[in-house]
Amino acid sequence: MSQTKLFEPFKLGPIALPNRLVMAPLTRNRAVPPGMVPSPLAVDYYGQRASAGLVITEASQVSQQGQGYQDTPGIYSKEQVEGWRKVTDRVHEKGGRIFIQIWHVGRISHTTLQPGGGKPVAPSAIRAKGKTFVNGIFTEISEPRALELSEIPGIIDDFKRGTENALAAGFDGVEIHGANGYLLDQFAKDGTNKRTDAYGGPIENRAKLMLEVSRAVAAVAGPERTGIRISPVTPANDVSDSNPQPLFDHIVDGLNALKLTYIHVIEGATGGPRDNAPFDYASLRKRFGGAYVANNGYDFDLATKVLDAGAADLIAFGKPFISNPDLVERLRKGAPLNEWDKATFYGGGAKGYTDYPTLAAAQAAE
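Starting from 1, residues in each chain are numbered consecutively following that chain's sequence as written. Under the rules for a predicted model, residues below a pLDDT of 70 receive no local features and side-chain atom pairs below 80 are neither given nor counted, while totals for whole chains, interfaces and linings still include all residues. Side-chain metrics rest on all non-hydrogen atoms present in the structure, leaving aside hydrogens and water.

**A word on the overall build of the chain**
Argument step 1. Secondary structure is summarised from DSSP: a helix means a run of H or I of at least four residues, a strand means a run of E of at least two, and numbering begins at the N terminus for each. Helix and strand counts for the chain come out as 12 helices and 14 strands.
Argument step 2. Compactness check: the chain gives a C-alpha radius of gyration of 19 Å against a globular reference of 21 Å for 366 residues, within 12% of the reference.
Argument step 3. In terms of principal-axis extent, the alpha carbons of the chain reach across some 60 × 45 × 35 Å.
Argument step 4. Across the 366 residues that make up the chain, the buried fraction comes to 59%.
Argument step 5. The contacts of the chain with a sequence gap of at least 6 include a subset with a gap of at least 24, amounting to 73%.
Argument step 6. Counting only carbon and sulfur atoms, one obtains 53% of the accessible surface of the chain, whose full area is about 13,900 Å².
Argument step 7. Taking the average location of the 40 positive side-chain charges in the chain and that of its 40 negative ones, the two points are 1 Å from each other. With C-alpha atoms as the basis for the radius of gyration, the globule rule is written as 2.2 Å multiplied by the number of residues raised to the power 0.38. Burial here depends on accessible area, computed with a 1.4 Å probe over protein chains only, as a share of the maximum for the residue type. Under 20% is buried, over 50% is exposed, and the range in between is partly exposed. We call two residues contacting when some pair of their heavy atoms lies within 4.5 Å. For the area figures, the Shrake-Rupley method with a 1.4 Å probe applies, and any residue is considered shielded solely by the protein chains shown. Charged-residue counts in this description rest on Lys and Arg as positive and Asp and Glu as negative, His and the chain ends being excluded. Taken as the charge location is NZ of Lys, CZ of Arg, CG of Asp or CD of Glu.

The following block contains the structure:
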């Protein structure tokens, strides 16, 4: 098993990764309200998974307005920074490396989560078909309002402040969430962006916010500690684009010019089929000088095949990391994986979060 490139070290900018497995960002809805501070359980959860080449945290909102689901952590208050500092300290104690994923959900929210019970914001006032999770139940996403042109610099500033806070919390870097139908993706794609100003219309205008946020984050963290997640053809959160290839070729050209350390690409439909729509991911890889992180439905065999072909540098695993804190060791040894319990993915306590056994613990119990 150890002949695969998966377990080879990799240099990600200034950071030496011991292997090429990335723990993907995974929303778990266990932050402590009302302050949306990472819980003490999160310290254990991330610490248990520190053997990943790189750990990327669950998405953390850069403002209250950026929250879309109950009990997701933030990175905009002093208390949140202190909570995250405990997480980074634990991961570093265990010899790990950890980036935080920062997001603004845009229209994928509910009035009960918004400041003053206001409408969620979006590029255009188009309501998303789908549900969000608030007050313990799944409920229809609220109707959004279109952001005023004058509000956009404030959004960029929120990402900038979130990055400053992330560094204060001890993170090794920052991943911008530009995927899965959240705010930056909503601006980029023409199914959700019907604006007629400088942020709407042609590709260059729709891509502008994603690139401006990337520039602002990289200016604070350093481009060598800044990555971004994109999902060119996912239908997640009711998002679509009529011609994604030129759009994302343009976006990646812009990200390459900023010299970001990686692009984290969801290939296909998020958590669904990898071939839901035609798209040339090799075009993105060719255009980008940094690392290419491949994501979506990867297992050991597919990861090995893609790395051997030189089609990616790093492979992100999601759900397998939920149920296998020692995923790296299990894959290396060809050991069986724990099954995950879907019922405990979102919300709750230690069950299905920090209580999955390691291989050593499972063998000791036999």
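Let us keep going from here.
**What to know about helix α6 (residues 208-221)**
Each turn of an α-helix holds 3.6 residues, which means side chains three or four residues apart point in the same direction.
Argument step 1. One fewer than the residue count of a helix, multiplied by 1.5 Å, yields its expected span. Helix length check: α6 (14 residues) gives 20 Å between terminal C-alpha atoms against 20 Å at 1.5 Å per residue, within 8%.
Argument step 2. Burial within α6 is extensive, with 10 of its 14 residues counted as buried.
Argument step 3. The set of residues buried in α6 consists of L209, M210, L211, E212, V213, S214, A216, V217, A218 and A221.
Argument step 4. Directly beyond the C-terminal end of α6, a positive phi value near 90° is found at G222.

**Examining the side chain of N19**
Argument step 1. With respect to the helices and strands, N19 occurs in the loop between β2 (15-17) and β3 (21-23).
Argument step 2. For N19, the side chain forms a polar contact with the main-chain oxygen of S51, separated by 3.0 Å.
Argument step 3. Polar side-chain contacts of N19 include one of 2.7 Å to the backbone nitrogen of G53. Under this definition, polar contacts are N or O atom pairs within 3.5 Å; protein pairs additionally need one hydrogen-donor-capable and one acceptor-capable atom, and for neighbouring residues in sequence, both atoms have to be side-chain atoms.

**Examining the environment of T270**
Argument step 1. Relative to the helices and strands, T270 is located in the loop between β12 (262-266) and α8 (281-287).
Argument step 2. Judged by its relative accessible area of 35%, T270 falls in the partly exposed class.
Argument step 3. Residues T270 and G297 lie 27 residues apart in sequence; the distance between their C-alpha atoms is 8.8 Å.
Argument step 4. T270 has contacts with N180, T234, A236 and N296, leaving out every residue within four places of it along the chain.
Argument step 5. Of the polar contacts made by the side chain of T270, one reaches the side chain of T234; its length is 2.8 Å.

**A short note on the sheet that holds strand β13 (residues 291-295)**
Argument step 1. Here, a strand pair is defined by DSSP locating no fewer than two bridges between the strands. Spatially, 8 strands are ordered β3-β4-β5-β10-β11-β12-β13-β14 in a closed barrel, and the strand pairing comes out parallel. In this sheet, neighbouring strand axes are inclined to one another by 25° on average, regardless of whether the strands run parallel or antiparallel.
Argument step 2. In the sheet, strand β11 (residues 226-230) pairs with β12 via 4 bridges, with the strands oriented parallel. Bridged to R229 within β12 is H264.
Argument step 3. The sheet contacts of helix α1 (residues 40-48) involve β3, β4 (54-61) and β5 (98-103), and relative to β4 the element is tilted by about 150°.
Argument step 4. Taken strand by strand, α6 contacts β5, β10 (173-177) and β11, and its axis lies near 155° from that of β11. Axis definition: a line fitted to C-alpha atoms, limited for helices to the stretch in contact. Angles are taken between N-to-C directions and run from 0 to 180 degrees.

**Remarks on unusual backbone geometry**
Argument step 1. A cis amide bond links P33 with the next residue in sequence, P34, at an omega value of 0°.
Argument step 2. With respect to the element layout, P34 can be found in the loop between β3 and α1.
Argument step 3. The phi dihedral of M36 falls on the positive side, at around 55°, and the residue is not glycine.
Argument step 4. Along the chain, M36 falls in the loop between β3 and α1.
Argument step 5. Here K259, not a glycine, exhibits a phi torsion of approximately 60°, which is positive.

**Focus on the nonpolar core**
Argument step 1. Judged by nonpolar contacts, the single largest core of 80 residues is most densely connected at L6, Y46, I315 and F317.
Argument step 2. A total of 7 residues in this core trace back to one element, the largest contributor, which is α6. In this text, buried Ala, Val, Leu, Ile, Met, Phe, Trp, Tyr and Cys residues form a nonpolar core when linked through side-chain atoms within 4.5 Å.

**Points about the UniProt feature "domain: NADH:flavin oxidoreductase/NADH oxidase N-terminal" (unreviewed entry) in the chain**
Argument step 1. UniProt positions are given in the numbering used here, feature names are shortened, and annotations may be inferred rather than shown by experiment. UniProt annotation of "domain: NADH:flavin oxidoreductase/NADH oxidase N-terminal" (unreviewed entry) refers to residues 5-338 when read in the numbering used here.
Argument step 2. In the segment residues 5-338, helix accounts for 32% and strand for 18%; the C-alpha atoms at its two ends are 23 Å apart.

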